[in-house]
Amino acid sequence: VGSEMCIRDRYELTTFCTGVIAKDKNGVIMHGRNLDFFYQDIVANLTAHVNFYKNGVFLFKAEVIVGSVGILTGYKPGVFGISINQRPGGGFTSSLMNILRGRGWPVSYWLRYVLTNAETYDEALKMLSEQRLAAGVYYVLSGINEGEGVIITRSTQKIDYLKFLSESEDWFIVQTNSDEGVHCDRKEMTEKHLNQLGQENLSLDTLLNDILSAEPTRFNATIYSIAYSCLLYTSPSPRDS
């Protein structure tokens, strides 16, 4: 139990990721993410795809780490999807002390709360933007309607930056683990691969296999890759094929 708790708590505060929101030639919004974590060999064997219910009523789907209460990737089919990327700064000790002193929700616990309670994309955006958190974070939120895609750069108490799909010069937006305007090879290569693919060739399969599975977007710390649209079926990870 002690080892499980240690892995779980470190996971809540030290995850890394790549998140992509893109729209295909027909305007269908797709959401892709890689989850990266230092204890890859251990955590990769603890992942599961889970349907969540309350009183027999379906709530949402999520990729979970068995034993972890928080959620880092989840979606409500036909409504919205959310993933988390770690934001640098603050550090493990500061985040843990904020949690212990009640100075904000753990970012993954709040994502689970939003998936459970928000009924629309706009409600999810408002909830992810306003709640006090224990650590800074990037929330990557996608919807189903035209322009519904945003990267929410959060500090513990406020929004620092919003990047909307509808305001992008491209047909996609990408988030890794750096603030907007800060150089990141992984982000730049992901954007390069998307441009090489082209919007006309975008599908769940190409997002998963040509973008998320390409180096350096996927590397030796990647736990899983997933591509989904809240209007379409989930595409399985190549690792699980």
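In the block above lies the structure referred to throughout.
Residues numbered from 1 in each chain as written. Predicted model: local features only at pLDDT ≥ 70, side-chain atom pairs only at ≥ 80, totals over all residues. Heavy atoms only, no water.

1. Considering the overall build of the chain
Within the chain, the regular secondary structure consists of seven helices and eleven strands. Taken over 241 residues, the chain has a buried fraction of 53%. Once local pairs closer than 6 in sequence are excluded, the contacts in the chain between residues at least 24 apart make up 60%. As displayed, the chain offers around 11000 Å² of accessible surface, 51% of which is attributable to carbon and sulfur atoms. (Helix = DSSP H or I, 4+ residues; strand = E, 2+ residues; numbered from the N terminus. Buried < 20%, exposed > 50% of the residue type's maximum accessible area, 1.4 Å probe, protein only. Contact = heavy atoms within 4.5 Å. Areas by Shrake-Rupley, 256 points an atom, 1.4 Å probe, with all protein chains shown as cover.)

2. Description of the packing of aromatic side chains
For the structure on display, the rule yields seven aromatic pairs. Plain terms: the ring middles of Trp105 and Trp110 are 4.9 Å apart, the flat faces sit at 70° to each other, and that makes the pair edge-to-face. By relative accessible area, which is 32% here, Trp105 ends up partly exposed. Judged by relative accessible area, Trp110 falls into the buried class, the value being 6%. Residues Trp171 and Phe172 carry aromatic rings whose centres are separated by 4.9 Å and whose planes lie at 85° to one another, so their mutual orientation is edge-to-face. (Phe/Tyr/Trp six-rings, centres within 6.5 Å; stacked < 30°, edge-to-face > 60°.)

3. What about the pattern of salt bridges?
One side chain can pair with another of opposite charge once the charged atoms of both are near each other. The full count for this structure, using the stated rule, is eight salt bridges. One salt bridge connects Arg87 with Asp160, and the closest N-O pair in it is separated by 2.7 Å. With Arg87 in the loop between β6 (80-86) and α3 (91-100) and Asp160 in strand β9 (residues 159-164), this residue pair connects regions lying 73 residues apart in the sequence. Beyond isolated ion pairs, a larger network of salt bridges with shared partners links Arg87, Lys158, Asp160 and Asp179. (Salt bridge = Lys/Arg side-chain N within 4 Å of Asp/Glu carboxyl O.)

4. Some remarks on the pairing of strand β10 (residues 172-175)
Neither face of β10 is left uncovered, since the one carrying Phe172 and Val174 and the one carrying Ile173 and Gln175 both have all their residues buried. By the bridge criterion, four bridges tie strand β1 (residues 16-23) to β10 in an arrangement that is antiparallel. Across the sheet, Ile21 pairs through a bridge with Ile173, a residue of β10. (Pairing = 2+ DSSP bridges.)

5. Examining unusual backbone geometry
Negative phi is the rule for most residues except glycine; trans is the rule for most peptide bonds. The amide bond that connects Glu215 to the next residue, Pro216, takes the cis arrangement and shows omega of 5°. Relative to the helices and strands, Pro216 resides in the loop between α7 (204-212) and β11 (222-228). For Asn55, which is not glycine, the phi dihedral falls at a positive 55°. Counting through the fold element by element, Asn55 comes out in the loop between β3 (47-54) and β4 (57-65).

6. Focus on the sheet that holds β3
Strand order in the open sheet made by the seven strands is β3-β4-β5-β6-β7-β8-β9, with antiparallel pairing throughout. Where the open sheet ends on each side, the last strands, each with one partner, are β3 and β9. Adjacent strand axes in the sheet meet at a mean angle of 20°, parallel and antiparallel pairs treated alike. Relative to β9, strand β8 (residues 149-154) runs antiparallel, the two sharing five bridges. Of the residues in β9, the one forming a bridge with Arg154 is Ile159. Against the sheet, helix α5 (residues 121-130) engages β6, β7 (137-142), β8 and β9, with an angle of about 15° to β8. (Axes fitted to C-alpha atoms, helices over the stretch in contact; angles between N-to-C directions.)

7. As for the nonpolar core
Counting residues in each nonpolar core, the largest one holds 40 residues, and the members touching the most others are Ile71, Phe80, Ile82, Val114, Leu128, Tyr139 and Leu141. When residues of this core are traced back to their parent elements, those giving at least two are β4, β6, α4 (107-117), α5, β7, β8 and β11. In this view, Tyr139 contacts Ile82, Ser83, Ile84, Val107, Trp110, Leu111, Leu128, Leu133, Val150, Ile151, Ile152 and Arg154; residues no more than four positions away in its chain are not counted. Counting 16 residues, the second-largest nonpolar core is a separate cluster that includes Val20, Trp171, Leu202 and Leu212. (Core = buried A, V, L, I, M, F, W, Y, C linked by side-chain atoms within 4.5 Å.)

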